[in-house]
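Structure assessment
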Amino acid sequence: MAILCTVEGIMKTYNCFVEGVHVNNNEWSYVIEPDFFMSNPASAIRLKRRLDRGDDSDLLDQKLVLGRIGLASPQDCQKANSAAREACGVWAQRSRKFREQIVVAMHNRIVERSQEYIMSLVNDGHPRNLAAWEVSGVIAGGGQGMFDVLSAFMGFSIETPIGLNQVERRPDGVVAIVLPRNAAGANAAMALPILAAGNSVIMKAPRNHSYAAAWLFHEVILPVLDEFKIDEPVCQFLCCHPRMAIDSWLNSKEIDDIFFIGSSERGKELEIECVRRGIKPILELSGNDPIVVWRDADVRNAAKAAAECYMGSAQICIVPKVAFVHHKVIKEFLEYLRIYSLNYRPQKISKPGSFLAPVGNSKGMLDALELVHEEGGNLLFGGQRLNDFGERDKYGVFFEPAAALYSIQTACRSHIVLEETFFPLLPIVNIDERDESECMRAVEYLLRLTKHRLRMSIWSTDMSFCKWLSSIPLGFGTIKINSSHTEFIAGLPTQGGRGASADVHGEANYPFLRTSHLEATVWRGIVE
């Protein structure tokens with residue numbers, strides 16, 4: 001790894017890694033100090049554009065450049081495909097226990113260096129507490145405990161008088177991962193279980209906001225592979241425009257799976273392209289997670305869970321995006337929600353306690369607030385533009401957390417309610433039918449109108465209601481009952497689902513299982 005000195009200390013340079021070597025094409029994506037980016041976005045963007053163009057003659061005079069990521073060429077993408085196919089043959093021959101041992105070592109390294117991991121995410125513009133939450137998810141979703149859970153899915157063997165009948169899980173082969181711009185650093189950790197399954201991996205980071213993904217690759221994955229003396233390039237790293245890498249993969253016979261993390265619109269288009277070429281698509285797409293709060297709920301904690309919508313200004317997929325609230329508790333729910341929304345205030349994103357993020361699409365947020373009124377909703381609170389001091393500012397990059405109230409009738413035709421929004425705006429639907437059975441039917445109807453199926457939260461102490469709602473085959477990847485919507489649970493998948501949130505074969509997503517398959521073997525006539 002190369003490093004450059006700046007006036008302030010060390011500016012890290014992370015190159016692409018292809019065919020087992022670091023590749024330097026002298027094209028870079030620079031990383032600007034995030035608090036400066038937040039408080040002076042126009043100046044920060046001008047600085048980054050100038051540096052990315054190659055005008056870096058006065059780089060040493062800058063105190064605001066944290067690092068740079070090398071960019072890949074089309075030739076690098078093609079070389080990575082061939083190298084991954086060759087490496088896969090060797091890697092898959094290694095025992096599963098040995099591969100798991102290596103991946104557990106990577107996981108332990110993440111735990112040891114978790115604060116560095118958190119700060120790498122902050123360097124990508126993630127608020128400090130949000131970054132800590134993301135790293136907690138990586139830690140909860142990996143390690144030896146995860147492999148203990150997965151052991152139940154590995155297959156079985158049956159001894160017979162004439163031989164052995166065996167069903168075992170086998171790797172798909174070469175898996176290419178497209179990391180999303182809003183969460184590249186955390187999702188890069190999906191490479192670990194995919195490697196453990198016996199696949200070789202090509203990891204493609206976005207051109208911007210790729211520092212944490214590069215950190216994880218160069219500071220965790222590569223060093224651990226070296227320590228175990230793994231010579232084959234079983235994991236490679238690219239940073240480039242997504243279309244460059246995806247076109248290379250779609251036109252290659254070396255790629256078995258494309259693991260795409262991004263928008264539903266783009267993911268569904270890619271799914272069709274993959275199937276036409278015989279490539280397995282694995283999609284982690286948008287979310288519009290519902291939280292259902294019933295008449296007997298712990299309303300205070302339900303509202304606290306619903307306020308998790310404002311984490312990262314709702315610019316992540318697995319936070320609550322819509323609340324369906326029983327009319328008997330809605331007044332109390334709204335009072336608590338307003339109180340808990342105050343916990344999400346603008347501040348420097350590198351500061352501990354920061355959860356609210358700058359809104360990347362300010363116009364989209366303003367349009368969404370207008371749409372609330374057009375659709376017949378009622379904006380209850382929030383929606384003001386704020387600067388990083390929490391003051392109202394028409395040029396502010398933050399938005400005050402907002403909530404809007406809808407009736408069942410207006411919700412049924414509301415874009416804000418039924419589609420994913422990437423803004424700190426929580427639509428709340430008042431379930432106010434005359435009797436309980438009609439309220440239940442209304443909730444089921446509204447849930448069926450929504451297309452996204454990542455997580456659903458249910459808040460009720462009534463076992464029969466919870467069993468009824470959770471047993472409806474809606475296709476959610478995770479259902480949480482009387483629990484924080486965003487808390488990660490060790491041993492359980494952090495993502496996955498069906499509908500507009502995944503490919504047609506979507507389910508709760510264990511990357512080890514999604515990038516492998518069952519294979520039957522009949523053993524006869526073997527002499528040991």
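Report follows, based on the coordinates. (Residues numbered from 1 in each chain as written. Predicted model: local features only at pLDDT ≥ 70, side-chain atom pairs only at ≥ 80, totals over all residues. Heavy atoms only, no water.)

**With respect to the state of the cysteines**
Within the structure shown, the criterion is met by zero disulfides. In this structure Cys-309 is not part of a disulfide, and its nearest cysteine sulfur, from Cys-317, lies 13 Å away. A relative accessible area of 0% means that Cys-309 is categorised as buried. (Disulfide = S-S within 2.5 Å. Buried < 20%, exposed > 50% of the residue type's maximum accessible area, 1.4 Å probe, protein only.)

**Focus on the sheet that holds strand 7 (residues 155–160)**
A sheet is described by the order of its strands in space; here three strands give the open sequence 7-8-27, paired in antiparallel fashion. Two strands lie at the open edges of the sheet, namely strand 7 and strand 27 (516–523), each paired on one side alone. Ignoring strand direction, the axes of neighbouring strands in this sheet form an average angle of 15°. Pairing analysis gives six bridges linking strand 7 to strand 8 (residues 163–171), with the strands arranged antiparallel. Directly across from Ile-158, in strand 8, lies its bridge partner Asn-165. (Pairing = 2+ DSSP bridges. Helix = DSSP H or I, 4+ residues; strand = E, 2+ residues; numbered from the N terminus. Axes fitted to C-alpha atoms, helices over the stretch in contact; angles between N-to-C directions.)

**Looking at the side chain of Thr-486**
Structurally, Thr-486 can be placed in the loop between strand 23 (478–481) and strand 24 (495–496). Once residues within four sequence positions are removed from consideration, Thr-486 is found in contact with Trp-133, Glu-308, Met-311, Ile-318, Val-319, Pro-320, Arg-455 and Lys-480. (Contact = heavy atoms within 4.5 Å.)

**Let's talk about the packing of helix 3 (residues 74–91) against helix 11 (residues 242–250)**
When two helices pack together, their arrangement is given by the angle between their axes and by how far apart the axes lie. Direction vectors running N to C along helix 3 and helix 11 enclose 40°, while the axes themselves pass 9 Å from each other. If you check the angle between helix 3 and helix 11, you find them oblique. Where helix 3 crosses over helix 11, the handedness of that crossing is right-handed. Here Pro-74, Cys-77, Gln-78 and Asn-81 of helix 3 come into contact with helix 11, specifically with Met-244, Ala-245, Ser-248 and Trp-249. Class assignment of the residues belonging to the contact of helix 3 with helix 11 gives a composition of five nonpolar, three polar and no charged. (Parallel < 35°, antiparallel > 145°, perpendicular 65-115°, else oblique. Left-handed = near helix turned anticlockwise from the far one by under 90°. Nonpolar A, V, L, I, M, F, W, Y, C, P; charged D, E, K, R; others polar.)

**Structural notes on the packing of aromatic side chains**
Enumeration over the complete set of coordinates arrives at twelve aromatic pairs. Relative to Phe-355, the ring of Tyr-344 has its centre 5.9 Å away and its plane inclined at 45°; by these criteria the two rings are tilted. Note that Tyr-344 is positioned in the loop between helix 14 (330–341) and helix 15 (362–374) and Phe-355 in the loop between helix 14 and helix 15, a separation of eleven residues in sequence. Following the ring pairs from residue to residue traces out a cluster consisting of Phe-17, Phe-217 and Phe-237. The ring centre of Trp-28 lies 3.8 Å from the NZ or CZ of Arg-68, which sits over that ring. In this arrangement the basic side chain of Arg-453 is found over the ring face of Phe-476, its NZ or CZ atom lying 5.2 Å from the centre. (Phe/Tyr/Trp six-rings, centres within 6.5 Å; stacked < 30°, edge-to-face > 60°. Lys NZ or Arg CZ within 6 Å of the ring centre and 35° of its normal.)

**Digging into helix 3**
The terminal C-alpha atoms of helix 3 lie 25 Å apart, and with 18 residues this matches the ideal 26 Å at 1.5 Å per residue to within 8%. Residues Asp-76, Cys-77, Ala-80, Asn-81, Ala-83, Ala-84, Ala-87, Cys-88 and Trp-91 constitute the buried set of helix 3. (Expected span 1.5 Å × (residues − 1).)

**What to know about the pairing of strand 11 (residues 235–239)**
Most of strand 11 sits inside the fold, with five of its five residues counted as buried. Burial along strand 11 is two-sided: the face carrying Cys-235, Phe-237 and Cys-239 and the face carrying Gln-236 and Leu-238 are both buried. As paired strands, strand 10 (residues 200–205) and strand 11 are joined by five bridges and run parallel to one another. The residue of strand 11 that forms the bridge with Val-201 is Cys-235. With helix 10 (residues 211–227) bridging strand 10 and the parallel strand 11, this β-α-β connection has right-handed handedness. (Right-handed = clockwise from strand over helix to strand, strands pointing away.)

**Describing the layout of surface pockets**
If a probe the size of a water molecule is rolled over the atoms, the empty space left behind becomes visible. The space that makes up the second largest pocket amounts to roughly 190 Å³. In terms of lining, the second largest pocket is formed by Ala-92, Gln-93, Arg-94, Ser-95, Arg-96, Arg-99, Met-154, Gly-155, Glu-168, Arg-169 and Arg-170. A total of three residues in the lining of the second largest pocket trace back to one element, the largest contributor, which is strand 8. For the lining of the second largest pocket, a count of residues per class yields two nonpolar, three polar and six charged. (1 Å grid on protein atoms, 1.4 Å probe; cavity = no way out; pocket = protein on both sides within 12 Å on 5 of 7 lines; lining within 4 Å. Points joined across faces, edges and corners; volume = space filled by probe spheres on them.)

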